[in-house]
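# Structure assessment
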Amino acid sequence: MEVIDKVKTRVYRFGNKKADGNSKMKNLLGGKGANLAEMSSIGIPVPPGFTITTEVCTEYNALGQEEVVALIKDEVEQAIDNIETLMGSTFGDIDNPLLVSVRSGARVSMPGMMDTVLNLGLNDEVVLGLAKKTNNEQFAWDSYRRFIQMYGGVVLGMKPASKEDIDPFEEIMEHLKHKRGITLDTEFTVQDLKDLVYDFKEAVKKRTGHDFPTDPWDQLWGAIIAVFNSWNGDRAVYYRTMHGYPADWGTAVNVQAMVYGNMGDTSGTGVCFTRDAGTGENVFNGEYLINAQGEDVVAGVRTPQQITKLGSQRWAELAKIEEEDRAKDYPSLEELMPSIFEELNGYQDILEKHYRDMQDMEFTIQDGKLWILQTRNGKRTGAAMVKIAMDLLKEGMINEKEALLLIEPNKLDELLHPIFDPAALKRAHVMAQGLPASPGAATGKIVFFADEASKFKNSILVRIETSPEDLEGMNIAKGILTARGGMTSHAAVVARGMGKCCVSGAGALKINYKTRTLTVNGHEYHEGDWISLNGSTGNIFEGKVATMEPELSGEFAELMELASVYGKMNVRTNADTPKDAKVARSFGAQGIGLTRTEHMFFEVDRIKAMREMILADTVKGRKQALEELLPMQRSDFEGIFEAMQGLPVTIRLLDPPLHEFVPHQLTTQKELAEEMHISLQAVKNKVAELEEFNPMLGHRGCRLGNTYPEITEMQTRAIIEAALNLKEKGINCRPEIMIPLVGTVREFEAQEHIIRTTANTVFEEREDTVDYLVGTMIEVPRAALMADAIAERAEFFSFGTNDLTQMTFGYSRDDAGKFLPVYIDKGILKVDPFEVLDQEGVGQLVKLGTERGRSTKPDLKVGICGEHGGEPSSVEFCYNIGMDYVSCSPYRVPIARLVAAQAAIKAAQ
Ligand code: PEP
Ligand code: MG
C-alpha cells in the first residue's frame, strides 16, 4: 500500500446553504454525499451533516479499524461540532440531544444493498431528554426502539436465524401485539415501547453476549465501521458483480442530523419522483406516510398514500376504492397538507431542472417543516428511460446528444422483450390485482423463496414483501409479485432498476411460507403452479399467458432515428434465416455480418444428406451427397438475400468439426446405417474416426474446405447461383463470401482460388455475373499478426472474437464454464471475456490486425461478428479503433446502434 497521506481532507461538511463538496464529486463523496452537498449549496433545505469519503473505505479495507479511526477522528469530531452549532443541540447531551443518521452511499446508487442506522445517539438517559425537549414521550420511545432495532440488525448482526424465521425484533413486537390485541406499530402505548426497548436490549445481550452500547460516540463509530463493512457484504458484492462495479470504489458514509417524520400527525415521510419511473410520463408522483420514518415507506409494512391528488385517484381506481372513501381514508399529501405539497412541488421542479434528469427524492416533514433528505437520478424502466430522454429533449431541457447519452444501452433490451399477446390476454383469467410496479410481461411457476428462484426454468417470485437479501433470486426470476408494499417498496424499486416485471401490493394474496401456498379469494395455488404478471397494469393471471414479439415504435423509433444521425459505424446482424434477417432489418440492421451456414445443415431434411457426405469414403460419393444439398443451400441464400434487399450479406463457409453432424447414439446410428445401406460397424468406425481430442483446434474452419474442396465449391455455387436468380427477379444482392479460421496466407489463397474458379464457372454457365467479395474471419491470433499479408488478397476482415478470445486466453469455449465463475468470484477476472471483449489483451490483436490489414489496403472493410459485437463496452472499443461495422444478434441491433452513436458523440467531445 502506498504511503498514507495524513493531511488530505477525508470529511466533507454540508448544511445551511453551504458545502465543502458538490455534485461532480461522486467518486469521492458517493452519489448521495455529492448530491447532499449540491442541494445544500443551491438552497434546498437538507439536514446538516458530513460525508466521510469513499477513499476512507478503501483505507479501512487496507489498514483496519484502529488506524482508520485515528486518521479521521479529529475531522469527524469537528464535523459533529458543526452540526451541533447549526442545529443548536449537542450530541449525547441529556437535555438537548442531537441525534444523527448514518447512511452508506457509493458512487452509484445501490438501493438497499448497504446499511443505514437512524436515531443514533439515544440511550436510557438521552431518551428522557428527547421526550422532554419534544414534549412527546411516544415519539422519543418509538425512536429509541427503532434505533435499537436498526443498530442491532446492522451493527450487531441481529438477523433472522433462517429464511423461514422472522427478524428477532419483529418477533418480539409481534408477540407484544398479539398479547395486547393490536395490529399496527402506531397502536403501541408509551409503556409498550418502553417494554420493547427493554426486551430488545435483553435479546441483544442474550444473542451477542454484550450490553447494547450506551455511549453515543461508541455507537457512532460502530455504525461508521458497519457501513464500511456492508460494502463487502454478500448483497453488495452480488450487486456490484451484477453491474460490474469494481471492489475498490468503496462506499462513503453520510452522517446527518436526524429530522423526524414520526413526531405525530403533523409529521411524515415520503419518496417521490419528478416523473413516472415505470412509464416515463411527465407527472410528479410518489408516496408518503404520516407519522413514520423513512424505512416504513420502503419496507412495505404500511401501505403508503399518494402524494398528488391525481396519483391518489389513479391508485384508488386500481384498488377499487370509491372517491369518497379515498378522500376520507387515503387523502393525498396535496389534499392533506397543501402548503407542504406546494413547497415540495417547487423543489422537485428546481431539482429536475438543476440536474436535467428525472429525480428520485426522499423527504421528511418534521412538525410542519419540510426537509429534503436525498435526491438522485431516478432508476427507471427501459421504456421510461426512452420516454424521459425524448421528452426532456422536446421540452428543450437537453440537446440531442445529451438525450442519446442519457440512454443506458443494455436497458433497451427490456423494450425488445416479448409482451402479452392481446388475444391471449382477453381469454386469460385475472386472479387478483396489484400495483403496476414495473412494466413488462412475465410468465412462470410460483416460488416463495428467493434462493429457490432457479428451481424452475421460468419462475415468478411470490413474497409478502422483498428485502435486499432477495436480490439474487429477484434477478433470476422472470417476475416478482408481492402482497404488501407500494410503488416505492423495495420490490418495486429494485425490479424497475433491473427492468424486471413486478406487481406489488396485491393485498388479496394470502401467502403462507410454511405450506408454500398462495390463497386468493378462496382458491389455493401451490409452488410450481403457473401464473402470469402484467407489470404495466398490475393484473395477475392464472396459468401461462402467451406472449408475442415487440416492435420498434413511438419514442423508441424516434430515439433510434436520432442514433442513426450521430452513429458513424454501421451495425449489421448475425442471422442464419430469413426470419432473423427480417427481425434485424426491422430494428435497423444495415446488413448481415455473419451467416453461419452450418446451422442450415441441422434441419431434418438436410442432416441426412450432410451425413451421407461425411460418411462417403470417396470424392465421388461426397460430391453426390453435396449435389443433394446444393438446391437446399441455394434456396436458403435466396431467402436471406431477399430479406436483406440489396444490403450486404456475409456468408461464412462451413466451420464446425464434422463430428458435430454425425449421430452419437446407437439408435440413430442404426437408423443411419439402414438408410445408407451400410453396416452399423461402418457408421461406428466413421464416428470414431471423426473423434478428436481437441475439436475446437482440430479439423474445422478452412481446414475442412482445404481438405474437402468440394464443400467450398458447392457452397460457392449455391451463393452465386442464388444471387443470379435474384438478379433475374430484379433484386440486388451483395454477397460477401467469408473464409473461417484462417491462420496462414496460403490457407486463404487456396480457398480463394476455389471460390473464384467456381464463381467464374457459374458466370460462364449463366452468361451473367454479380459482384461479390472474398474475405476472411480473423479469429486465429496468427491471422491478426499476419494481417498485412492476408490483406494482400482478402477484400474484408471480420474479427471472430469468440475464437480469438478462446485462442488468446487459451480458454476452451466449451469448457470455460467450469472455471470462469470461480475466477470471477475470486476476482482473478473482472468479467467473462467471452461476454465483454478483453480490450487489454485480445483487443490488442484486434487493433493490431486492423492496423496491419489497412497498412496494405487502406480502405479494407473491417468488422466484428463475435458475440462482443452487441456488448456496449466492446462496441465502443470497435468504434474507437475505426471498424466499419459491428455485427450482433438481431435483438442486440438497437443496442449496438445506440452505442455506436454514443461512442461517436463521446469521441468528438
Ligand atoms: C467467432 O469465433 O467469433 C465467430 C463469430 O465464429 P463462431 O462463433 O461461429 O466460431
Ligand atoms: Mg469462430
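A brief report on the enclosed structure follows. From a predicted model like this one, the values you see are computed outputs, not experimental measurements.

## Description of the overall build of the chain
Of regular secondary structure, the chain possesses 36 helices and 34 strands. At 32 Å, the chain has a C-alpha radius of gyration in line with the 29 Å of a compact globule built from 909 residues. For the chain, the spread of C-alpha atoms along the principal axes amounts to about 100 × 65 × 55 Å. The proportion of buried residues among the 909 residues of the chain is 56%. The contacts in the chain between residues at least 6 apart in sequence include a share of 69% that link residues at least 24 apart. With an accessible surface of roughly 37,900 Å², the chain has 49% of that area assigned to carbon and sulfur atoms. Separation of charge centres in the chain, based on 99 positive and 133 negative side chains, amounts to 2 Å.

## Section: the coordination of the magnesium ion (ligand 2)
Bound to the magnesium ion (ligand 2) are the protein donor atoms E779 (OE) and D803 (OD), situated 2.0 to 2.1 Å from the metal. Residue E779 is found in the loop between β31 (773-778) and α30 (781-785), and its partner D803 is found in helix α32 (residues 801-809); the two are separated by 24 residues along the sequence. Each member of the pair, E779 together with D803, is buried.

## Concerning the site of ligand 1
Close to ligand 1 lie 14 residues, the nearest being R596, R652, G800, N802 and R813. In the model, an oxygen atom of ligand 1 is placed 2.7 Å from a nitrogen or oxygen of the R596 side chain. One of the side-chain N or O atoms of R813 is found 2.8 Å from an oxygen atom in ligand 1. Contact with the protein chains covers 96% of the free accessible surface of ligand 1, which is 290 Å². Breaking the shell around ligand 1 down by element, the ones donating at least two residues are β28 (592-596) and α32. If one sorts the elements of the shell around ligand 1 by residue count, α32 sits on top with three residues. Tallied by class, residues from the shell around ligand 1 come to three nonpolar, four polar and seven charged.

## So, the sheet that holds strand β2 (residues 18-19)
Here six strands make up an open sheet; going across it, the order is β2-β1-β3-β8-β6-β7 and the pairing antiparallel. Pairing within the sheet leaves two strands with one partner each, and these edge strands are β2 and β7 (116-120). Examined bridge by bridge, strand β6 (residues 100-106) and strand β8 (residues 251-257) share seven bridges and lie antiparallel to one another. Along β8, the bridge assignment pairs G105 with A252.

## With respect to the pattern of salt bridges
For the coordinates displayed, the defined rule picks out 58 salt bridges. Where D360 meets R376, a salt bridge forms, and the shortest distance between an N and an O atom there is 3.2 Å. Pair noted here: D360 is in strand β12 (residues 359-366) and R376 is in strand β13 (residues 369-377), with a separation of 16 residues, a long-range link. D360 gets classed as buried once you look at its relative accessible area, which sits at 4%. For R717, the salt bridge is made with E721, and the minimal N-O distance between the two is 2.7 Å.

## Topic: the packing of helix α4 (residues 126-134) against helix α5 (residues 137-154)
Helix-helix packing is described using two parameters, namely the angle between the two axes and the distance between the axes. Orientation of α4 relative to α5, taken along the N-to-C sense of each, is 145°, at an axis distance of 8 Å. The handedness of the crossing between α4 and α5 comes out as right-handed. In this structure, α4 uses V127, L128, L130, A131 and T134 to contact α5, whose residues at the interface are E137, F139, A140, W141 and Y144. Grouping the amino acids of the contact of α4 with α5 by side-chain chemistry returns eight nonpolar, one polar and one charged.

## Regarding the pairing of β12
Along β12, six of the eight residues are buried, which leaves the element largely enclosed by surrounding structure. In this structure, strand β9 (residues 268-273) lies alongside β12, joined through six bridges in antiparallel fashion. Each residue of the ladder has a partner; that of G268, found in β12, is I365. As paired strands, β12 and β13 are joined by eight bridges and run antiparallel to one another. Opposite D360, over in β13, you have R376 as the bridge partner.

Rules behind the numbers
Residues numbered from 1 in each chain as written. Chains lettered and ligands numbered in written order. Predicted model: local features only at pLDDT ≥ 70, side-chain atom pairs only at ≥ 80, totals over all residues. Heavy atoms only, no water. Helix = DSSP H or I, 4+ residues; strand = E, 2+ residues; numbered from the N terminus. Rg over C-alpha atoms; globule rule 2.2 N^0.38 Å. Buried < 20%, exposed > 50% of the residue type's maximum accessible area, 1.4 Å probe, protein only. Contact = heavy atoms within 4.5 Å. Areas by Shrake-Rupley, 256 points an atom, 1.4 Å probe, with all protein chains shown as cover. Lys, Arg positive; Asp, Glu negative; His and termini not counted. Charge placed at Lys NZ, Arg CZ, Asp CG, Glu CD. Donors = N, O, S within 2.8 Å, 3.2 Å for Na, K, Ca; no water. Near = heavy atom within 4 Å. Polar contact = N/O pair within 3.5 Å; in protein donor to acceptor, adjacent residues only side chain to side chain. Nonpolar A, V, L, I, M, F, W, Y, C, P; charged D, E, K, R; others polar. Pairing = 2+ DSSP bridges. Salt bridge = Lys/Arg side-chain N within 4 Å of Asp/Glu carboxyl O. Axes fitted to C-alpha atoms, helices over the stretch in contact; angles between N-to-C directions. Left-handed = near helix turned anticlockwise from the far one by under 90°.

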